Amino acid sequence: MTASDAERKLRELSFLHEVAQLASSARDWDEMLRIVIGRTTDAMGAEVSSLYLLERSDGVLRLVATNGLNRGGIGRATLRVGEGIVGWVANARVPLAARDVRSEPRWKWVPEVDEKRFTSMLSVPVLARDEVIGVMNVQTVEQRDFGREEIDFLQTIANQVAGIIEKGRLQRESDRKLREVSALFEVSNVLTSTLDLDEVLSLVVDRLVRVYPGASGAILLREEGDAVRERARSGELGKTAGAAAQRALAERRPIVAFDHIAVPLIANDRLLGAVVLQVPDYKEFLEEEVRFVGALANQAALAIDKASLYALERKTAESLRELERARSDFVAVVTHDLRTPLSVIRGHLEMLAERNGPSKLPISEATSQVERLDQLVDRILAGVRSDRPELSLRRTRFDLRATVTTALKEVAPMARRHKLSGPRAGQPVFVRGDRRRTAEVVAGLVHNATKYAPQGTRIAVKIERADDRAIVRVQDQGRGVPPNERSRIFEPYARGAGNDEVPGSGIGLFASRRVVEGQGGDIWVEDPPHGGGGAVFAFTLPLARATADAASR
């Protein structure tokens with residue numbers, strides 16, 4: 001290898017290292033792509049670099065970034081798959097180098113972008129998860145024969161770009177999913193606290209458009225004589241979106257177009273109205289986005305049906321108030337359950353931000369927590385529909401020691417600023433109860449300890465076996481609980497005196513009490529052994545018959 005070859009290889013490695021570092025730390029993925037495309041020209045010794053991304057629904061490649069071509073074509077210039085050198089590379093999934101594009105039969109002139117002074121061109125496919133998502137190009141003024149090393153280098157840059165795009169997509173999906181969960185939670189909560197129909201409909205529309213920045217939305221309701229009237233709106237809707245709402249009413253089915261969705265509001269097989277969402281510059285709604293709009297439509301339909309029933313049954317006002325209180329408790333408990341997985345997700349993301357240099361987001365951990373959120377939202381929806389929401393428990397025989405250990409592993413990122421320790425290794429402690437809800441109790445008590453115990457202090461979780469029950473203790477080194485408050489802190493919305501600066505609603509310990517007592521156990525708070533500050537929250541579960549060996553503390 002000559003000195004010039006070594007110097008070139010060093011520049012290439014330095015450039016790839018810089019791209020990897022930027023990709024691991026940047027959050028503005030569009031800006032990140034523009035930076036990489038801009039610097040690729042220098043790295044390749046070319047005058048132009050450009051990036052086309054595939055819009056799969058239309059089968060076209062659209063120019064999204066360029067350095068050296070007419071920037072007015074960004075977002076406007078397109079080539080179909082198989083059309084021109086760019087389209088050919090996307091279709092063939094292999095690189096193509098042209099010494100002179102004017103003698104290359106696969107070349108196609110794009111008037112609003114291309115310039116006649118550029119002669120040679122190298123194009124490589126951009127692949128993510130073995131699927132073509134775009135094409136990356138470099139062009140030169142002077143004729144140039146691109147060698148194998150240059151082709152491989154540009155392909156490596158394209159692979160880095162694919163990683164940036166994929167990471168940005170995952171981040172945007174995660175952000176959107178969290179906004180969807182938040183919207184469903186807030187609407188469900190309002191459904192349990194008010195019968196003001198206009199308030200609920202306005203909230204539904206407001207939370208719907210918040211998920212999609214710049215969006216507009218509306219809810220239309222049927223009135224006597226099949227007349228339709230707009231009851232809630234945010235932003236301005238185009239004529240096509242309004243027409244889609246009328247079609248949804250007429251055909252009693254969702255209408256999905258490139259930039260708008262309209263869903264009928266149906267309750268007990270009665271057509272009540274329609275909800276419509278319009279997102280400017282949107283290309284395609286995913287199936288899960290359609291389901292989300294449908295879920296909010298169901299909430300709106302429930303609100304309308306609920307208000308109607310309330311007007312017809314005024315004599316049953318007292319029983320309805322009791323039902324509302326039961327639903328309020330149910331949603332409050334499930335709402336609290338949402339906080340622990342959200343905190344774990346936040347912990348993983350904060351860990352990523354705290355690291356220096358390249359790092360990898362623990363997507364599997366974050367994804368498992370989002371799946372838990374999906375299940376919890378299902379429980380909210382089921383509870384709102386239920387006449388008498390009850391605590392649902394699935395009792396099985398399970399190893400308490402393994403369940404506690406797994407729960408602590410999940411909440412470890414949330415408690416990373418404390419010294420979290422779990423039970424000692426030992427033989428299984430088999431109990432009978434709901435494994436998942438028991439893990440939620442442990443996670444909730446640890447979460448509670450992280451809020452009240454100073455950073456850097458120890459949070460210890462221990463297990464012991466009594467005659468016919470197992471005892472789990474969560475001990476912290478916080479401010480403790482005064483004896484005169486211990487009898488009430490397990491009641492709904494109860495909080496200790498002087499804790500106003502600590503975030504919370506006072507529902508967590510009540511939620512834990514419901515789960516523990518529903519499994520035949522008890523829950524209480526006690527002083528730490530051997531004196532000292534802090535508190536110990538303990539709960540019991542009935543031992544299963546097969547438990548024979550004692551557990552160490």
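Residues numbered from 1 in each chain as written. Predicted model: local features only at pLDDT ≥ 70, side-chain atom pairs only at ≥ 80, totals over all residues. Heavy atoms only, no water.

Would you take a moment to explain the sheet that holds strand 18 (residues 536-542) for this structure?
Within a beta sheet, neighbouring strands are joined by backbone hydrogen bonds and run either parallel or antiparallel to one another. On the basis of which strands lie adjacent, the open sheet formed by 5 strands has the order 13-15-16-18-17 and mixed pairing. The open sheet has two edge strands, strand 13 (419-421) and strand 17 (523-526), and neither has a second partner. Adjacent strand axes in the sheet meet at a mean angle of 20°, parallel and antiparallel pairs treated alike. Here 4 bridges tie strand 17 to strand 18, and the two strands are oriented antiparallel to one another. Looking across to strand 18, one finds that Val525 is bridged to Phe537. Lying over the sheet, helix 10 (residues 400-411) contacts strand 13, strand 15 (458-465), strand 16 (469-475) and strand 18, oriented at roughly 165° with respect to strand 15. Lying on the sheet, helix 11 (residues 435-452) is in contact with strand 13, strand 15, strand 16 and strand 18; it crosses strand 18 at an angle near 175°. (Pairing = 2+ DSSP bridges. Helix = DSSP H or I, 4+ residues; strand = E, 2+ residues; numbered from the N terminus. Axes fitted to C-alpha atoms, helices over the stretch in contact; angles between N-to-C directions. Contact = heavy atoms within 4.5 Å.)

How should I be thinking about the pattern of salt bridges in this particular structure?
Tallied over the full model, the rule gives 24 salt bridges. Here Arg148 makes a salt bridge to Asp152, at a shortest N to O gap of 3.2 Å. In this pair, Arg148 and Asp152 both sit in helix 4 (residues 148-191), 4 residues apart, roughly one turn of the helix. Residue Arg233 pairs with Glu230 through a salt bridge whose shortest N-O separation is 2.8 Å. A relative accessible area of 43% places Arg233 in the partly exposed class. Residue Glu230 is classed as partly exposed on the basis of its relative accessible area of 39%. Linked by salt bridges that have partners in common, Asp206, Arg207 and Arg210 make up one network. (Salt bridge = Lys/Arg side-chain N within 4 Å of Asp/Glu carboxyl O. Buried < 20%, exposed > 50% of the residue type's maximum accessible area, 1.4 Å probe, protein only.)

Quick question: what am I supposed to make of helix 10 here?
Because the α-helix completes a turn every 3.6 residues, residues three or four places apart line up on one side. Between its first and last C-alpha atoms helix 10 spans 17 Å; for 12 residues at 1.5 Å apiece the expected length is 16 Å, and the two agree. All buried positions along helix 10 are accounted for by Leu400, Arg401, Thr403, Val404, Ala407, Leu408 and Val411. One face of helix 10 carries all of its buried residues, which in axial projection span an arc of 165°. For helix 10, the capping residue at the N-terminal end is Asp399, with a side-chain oxygen 3.1 Å from the backbone nitrogen of Arg401. (Expected span 1.5 Å × (residues − 1). Arc of directions from axis to C-beta. Polar contact = N/O pair within 3.5 Å; in protein donor to acceptor, adjacent residues only side chain to side chain.)

Even after reading the chapter, I still don't get the nonpolar core, so can you show me in this structure?
As a rule of thumb, soluble globular proteins bury nonpolar side chains together. Within the largest apolar cluster, 37 residues are counted, with the highest numbers of intra-cluster contacts made by Leu400, Val431, Val446, Phe537 and Phe539. Elements with a contribution of two residues or more to this core: helix 10, helix 11, strand 15, strand 16, helix 12 (508-518), strand 17 and strand 18. If you tally residues by element for this core, the top one is helix 11, at 7 residues. Setting aside anything within four residues of it in sequence, one finds Leu400 in contact with Val429, Val431, Thr438, Ile463, Ala470, Val472 and Leu541. If you look at the next biggest cluster of nonpolar residues, it comprises 30 residues, including Leu208, Val263, Leu272 and Ala297. (Core = buried A, V, L, I, M, F, W, Y, C linked by side-chain atoms within 4.5 Å.)

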